[in-house]
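# Working through the structure, step by step
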Amino acid sequence: MTHVLDPGTLAAGTRPATGSGTPFADVTRSDAAFRAFLHGLPGVDQVGAEQRAATLGTRSIKTTAKAWAIDTAIAMVDLTTLEGADTPGKVRSLAAKARRPDPTDPTAPAVAAVCVYGDLAGVAREALEGTGVHVAAVATAFPSGRASRAVKLADVRDAVGNGADEIDMVIDRGAFLSGRYLEVFEEVVAVKEACGDAHLKVILETGELVTLDNARRASWLAMLAGADFIKTSTGKVSPAATLPVCLVMLEAVRDFRAATGTQVGVKPAGGIRTTKDAVKHLVMVNETVGADWLSPDWFRFGASSLLNDLLLQRQKLRTGHYSGPDHVSVD
């Protein structure tokens, strides 16, 4: 397991400049300083993290608490379609479902956002006008991130120009795994600037980072660069969102707020398909970072099929019986 980070525990040579606006303002002054800082973070006990995640995953909630959890999870969903065959019609259909997830029950909450490719952000924006549902667009040569910085920034500006008010970017995992941390940091900073007023979610692609230590380092790198959210995965790589990775990222945002006063959101994405999966994550949020993060402003699920199961479970609580899967709309 990890521990709350005290700025006084930084590795030698990474102490911040006196009088700087943040306790970590000086750690990116050079490649060597940034590497020393990231590798000076407390290590993750992988066995402990896996055991803690497994223990939290066994918690169950009932009746009114379960009803609250289902509605909270629905309101946290970034309803997603990221396929080459996506069409304006499919996006409009998804937007209709985002606005009114259960047409038979107007008390069902709307989802947090619809997430699409940047060229379809305008379609989503038009379909969601006045609803409060956000338009998220993937950018920076999603999902690989294999493009020049100029192309990535143009991708972001296009998506924002088309109507996205949230951008989901991918970090350069090749640069990160090669130890070129400052290069990755500077790219996130540049993307954040290109976002303008749009919120930035930084996808770490933890399945390719391999270790929980790398997930922790990448989380801190993204937060120091200005991420509004840190996100586990593109959904295109396996493994994607796992409970131990989510635990490490939650601990990172907790420690970051304790050290800087800045709160950052977390978005697990990829492989979260059932209400049981969602509830496990909500329990972990509550037990790890507390109720401050139990809001769509600070926690999201990147999902396509999850919403259907949440709606079926919600109907079961409301009516006392399960509806067939064809009762909910097909994405």
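Structural notes, computed from the coordinates. (Residues numbered from 1 in each chain as written. Predicted model: local features only at pLDDT ≥ 70, side-chain atom pairs only at ≥ 80, totals over all residues. Heavy atoms only, no water.)

### Quick word on the overall build of the chain
Counting secondary structure elements, the chain contains 13 helices and eight strands. Against the compact-globule benchmark of 20 Å for 331 residues, the chain has a radius of gyration of 20 Å, which places it among compact chains. Projected onto its principal axes, the C-alpha positions of the chain cover 60 × 45 × 35 Å. The buried share of the chain, reckoned over its 331 residues, is 52%. For the chain, the proportion of contacts with a sequence separation of at least 24, taken over those separated by at least 6, is 74%. Computed over 35 positive and 38 negative side-chain charges, the separation of the two mean positions in the chain equals 4 Å. (Helix = DSSP H or I, 4+ residues; strand = E, 2+ residues; numbered from the N terminus. Rg over C-alpha atoms; globule rule 2.2 N^0.38 Å. Buried < 20%, exposed > 50% of the residue type's maximum accessible area, 1.4 Å probe, protein only. Contact = heavy atoms within 4.5 Å. Lys, Arg positive; Asp, Glu negative; His and termini not counted. Charge placed at Lys NZ, Arg CZ, Asp CG, Glu CD.)

### Quick word on the side chain of aspartate 228
Counting through the fold element by element, aspartate 228 comes out in the loop between helix 10 (212–224) and strand 6 (229–231). A polar atom in the side chain of aspartate 228 sits 2.7 Å from the side chain of lysine 192. At 2.8 Å, the side chain of aspartate 228 and the backbone nitrogen of leucine 200 are in polar contact. Setting aside chain neighbours within four positions, we find aspartate 228 in contact with Lys192, Ala198, His199, Leu200, Val264 and Gly265. (Polar contact = N/O pair within 3.5 Å; in protein donor to acceptor, adjacent residues only side chain to side chain.)

### Comments concerning the packing of helix 3 (residues 63–75) against helix 12 (residues 275–288)
Running from N to C, helix 3 and helix 12 cross one another at 90 degrees; their axes reach a closest spacing of 10 Å. With respect to their mutual orientation, helix 3 and helix 12 come out roughly perpendicular. Mapping the contact onto sequence places Ala69, Ile70 and Ala73 in helix 3 and Thr275, Ala278, Val279 and Leu282 in helix 12. (Axes fitted to C-alpha atoms, helices over the stretch in contact; angles between N-to-C directions. Parallel < 35°, antiparallel > 145°, perpendicular 65-115°, else oblique.)

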